[in-house]
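Residue-level structure breakdown
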Amino acid sequence: MGFRDNRDFIAALQHTGDAKVIKKEVDWDLEAGAITRRVCETGGPAPLFEKVRDYPPGYRIFGAPLASYRRLAVAMDLKPDSSVQAIQEEYERRIEHPVKPKVVKDGPCKENVVKGKDVDLLQFPVPMVHDGDGGRYIGTWHLTINKDPDSDWTNWGMYRLMVHNRNQMAGFFAPHQHQGLIYFRKYQPKNRPMPFAVAIGADPLSSLTAGTAFKKGENEADFAGALARQPIEVVKCETNDLLAPAYSEIVLEGEVIPGTNIPEGPFGEYPGYRFPERRSSPIFQVNAVTYRNDPIMTLSCVGFPVDDSHVSVSIGAAVAFKRSLKQRGVPVTQVNWPAEGVEHLMVVGIEKRDDATIDLIEQMVLGSRTPICVTAIVDADVDVFNLKEVLHAFLTKCHPLKGVRRHESFWTLSPYLSHEEWLNNKGGRLILDCTWPSSWKKETTIPPRASFADMYPQEIKDLVLKNWKEYGF
Amino acid sequence: MEYDTFVKSLDELPQGKDVDLYLRDLSPGRYKYIVRHVRGVVSGRATPGGDTLWLRFHTGYRHPQPWSIKITEELD
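Residues numbered from 1 in each chain as written. Chains lettered and ligands numbered in written order. Predicted model: local features only at pLDDT ≥ 70, side-chain atom pairs only at ≥ 80, totals over all residues.

Looking at the overall build of chain A
Of the regular secondary structure elements, chain A holds 13 helices and 21 strands. Over its C-alpha atoms chain A spans a radius of gyration of 23 Å, differing by no more than 12% from the 23 Å that the globule rule assigns to 473 residues. Dimensions of chain A along its principal axes, counting C-alpha atoms only, are 80 × 55 × 40 Å. Residue burial in chain A is summarised as follows: out of 473 residues, 51% are buried. (Helix = DSSP H or I, 4+ residues; strand = E, 2+ residues; numbered from the N terminus. Rg over C-alpha atoms; globule rule 2.2 N^0.38 Å. Buried ≥ 20, exposed ≤ 12 C-beta atoms within 10 Å, placed from the backbone.)

So this is what it looks like as structure tokens:
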């Protein structure tokens, strides 16, 4: 079964050596962010900062909760050293069986309730994550909850949130993301405030699903339950009808106010740069805060890979795309959305190439809402999880003229886009056909790969492997 | 007092006349970086009675030399 809360998860990570308690006092102003960033870049254990400057004992920060596949494996109750492929396959199996959340009357997140004028977002150790960020980001690893007023769809998403003052926040709004979709279609045109709840420090799989691509109309809570193999317990907010995970460390409740504008950003983002430039955001007015005793803030120090967003998207988006490909009859072997690819690279393995298959994959990529920028299609003999093999296939099989397909698309957080492209929501997508032409025959046309695995008879390979140590290696 | 604000370029900030700005309060402590919306007069050099104003570009880079500001009104 999954972890009901983040505290049990942290304890499990400590047990496997994947989390470390930092007893020395650290500053919420850049120091906690810098340590967490370095953890991401060196593959270190997730830090739990026990003493945070300016804050009372018990107010803690937990950094990089899912910034490694080991931590994701622990979150899913798998062996910590499970391969990416094994994690992905287990994830795929579990989400086949959604589990509805269970509504409970009370929960740990209600241990403290603050409303109205008494709300103070900076009672929590909200970090200044990177130098040059537009402000202190309270939402970096959390789930924002919005409801479509015309259906049963409750969206859990992970959209960055910056503290503006004691009871107001600014958020990054993209029209193609689900929160933006609901707000810009259902609330802003009617000048209606949009209720929201933000759950910080929920159980790891609820946070994972919030940061992962599910389709419009799909309730992430059902998939969090599927991954946890038990219903996620949710509890009604104090000031609106939204339901938040009951074991969250902190829940912020409020409304997005149409017609208001406050500055947001820049922020060190998942592609590995601080951008986009400062923009306007409607006000997220916080009307109530509920929280556990001794609350633990969560901090994802996004940036140069690998961070929490890269790991979570790499699994969730790959499985979602793989399922879609299978449903459309594509002879897919595996799909990898490598964490190192900052959510912009997808590798699709196919059993057998033909033009129709490539065309179909291309259509599906162009119709995808994900931030994918480059899709590499490879033959079945390439291990999509081995980036060395993928790079080799790209450099040796992708015809520079016939194998590259370029298309206009909506923008993503891509640093190479011009200011005009940003303003006009323009981006691009690239399909790389890294497969041999279907007319080529194995015996007569396709060049054999000059590798140990492919170039030698089995008996020679067996001999070499058997004697490897005797050779002195 | 010490503040900073974000600007697209230095040309965006007219000196010597009222301008509306979102300032981040850089006073140390728990409320550092809280935002104030103010009207004030800015100058590219230190001003008697003025507060220090650091400028950051929209990329987040900080201009090396501090400006100053005299706050004339709190806007909200």
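What to know about the overall build of chain B
From N to C terminus, chain B includes zero helices and five strands. Secondary structure of chain B in N-to-C order comes out as β-β-β-β-β. Computed over the C-alpha atoms, the radius of gyration of chain B is 11 Å, within 12% of the 11 Å expected from 2.2 N^0.38 for a compact globule of 76 residues. Expressed along its principal axes, the backbone C-alpha trace of chain B runs to roughly 30 × 30 × 25 Å. Expressed as a percentage of its 76 residues, the buried residues of chain B come to 22%. For chain B, the share of sequence-separated contacts (at least 6 apart) that also reach a separation of at least 24 residues comes to 48%. (Contact = placed C-beta atoms within 7 Å.)

Considerations on the domain arrangement of chain A
Reports often express the size of an interface as the amount of accessible area lost when the parts come together. Residues and elements named next belong to chain A. On domain assignment, one finds that chain A holds domain 1 (6–299) and domain 2 (328–455). Computed from C-alpha atoms alone, the centre-to-centre distance between domain 1 and domain 2 is 32 Å. Taken together, the contact between domain 1 and domain 2 spans 11 residues of the former and 12 residues of the latter. Split into classes, the residues belonging to the side of domain 1 that touches domain 2 amount to seven nonpolar, three polar and one charged. (Domains from an automatic or database assignment. Nonpolar A, V, L, I, M, F, W, Y, C, P; charged D, E, K, R; others polar.)

Re the sheet that holds strand β18 (residues 345–350) of chain A
All names here are of chain A. The sheet built from five strands is open, its strands ordered β17-β18-β19-β21-β20 with mixed pairing. The sheet is open, and its two borders are formed by β17 (332–336) and β20 (404–409), each paired with just one other strand. When strand polarity is set aside, the average angle formed by the axes of neighbouring strands in this sheet is 15 degrees. Inspection of the sheet shows β17 paired to β18 by three bridges, in the antiparallel sense. (Pairing = 2+ DSSP bridges. Axes fitted to C-alpha atoms, helices over the stretch in contact; angles between N-to-C directions.)

Comments concerning the sheet that holds strand β3 (residues 35–43) of chain B
Picture the strands of a sheet paired through backbone hydrogen bonds; they go either parallel or antiparallel. Strand order in the closed barrel formed by five strands is β1-β2-β3-β5-β4 (chain B), with mixed pairing between adjacent strands. For this sheet, the mean inter-axis angle between neighbouring strands, taken without regard to orientation, is 55 degrees.

Regarding helix α4 (residues 84–95) of chain A
All names here are of chain A. Taking 1.5 Å per residue, 12 residues should reach 16 Å; α4 reaches 16 Å between its end C-alpha atoms and fits that length. Turning to α4, its buried residues are Val84, Ile87, Gln88, Tyr91, Arg94 and Ile95. All buried residues of α4 lie within an arc of 130 degrees about the axis, which places them on one face of the element. Check the buried side of α4 and you find it contacts α3 (69–75), α7 (220–228) and α8 (308–327). (Expected span 1.5 Å × (residues − 1). Arc of directions from axis to C-beta.)

Describing the packing of α4(A) against α7(A)
All names here are of chain A. In contact at an axis separation of 8 Å, α4 and α7 are set at 120 degrees when each is read in the N-to-C sense. The orientation of α4 with respect to α7, classified from their angle, is oblique. Read as a crossing pair, α4 and α7 show a hand that is right-handed. Here Tyr91, Arg94 and Ile95 of α4 come into contact with α7, specifically with Phe223, Ala226 and Leu227. Of the residues assigned to the contact of α4 with α7, the class counts are five nonpolar, no polar and one charged. (Parallel < 35°, antiparallel > 145°, perpendicular 65-115°, else oblique. Left-handed = near helix turned anticlockwise from the far one by under 90°.)

Quick look at unusual backbone geometry
Residues and elements named next belong to chain A. Between glycine 265 and the following residue, proline 266, the backbone shows a cis peptide bond with an omega angle of -5 degrees. Structurally, the position occupied by proline 266 is in the loop between β14 (250–264) and β15 (279–291). In this model, proline 305 is joined to valine 306 through a cis peptide bond whose omega is 20 degrees. The topology assignment puts valine 306 in the loop between β16 (296–299) and α8. Here the phi dihedral of aspartate 294 falls at roughly 50 degrees; this positive angle occurs in a residue that is not glycine. Mapped onto the elements, aspartate 294 comes out in the loop between β15 and β16. The exposure class of aspartate 294 is partly exposed, given the 13 C-beta atoms found within 10 Å. For asparagine 425, which is not glycine, the phi torsion reads 60 degrees and is therefore positive.

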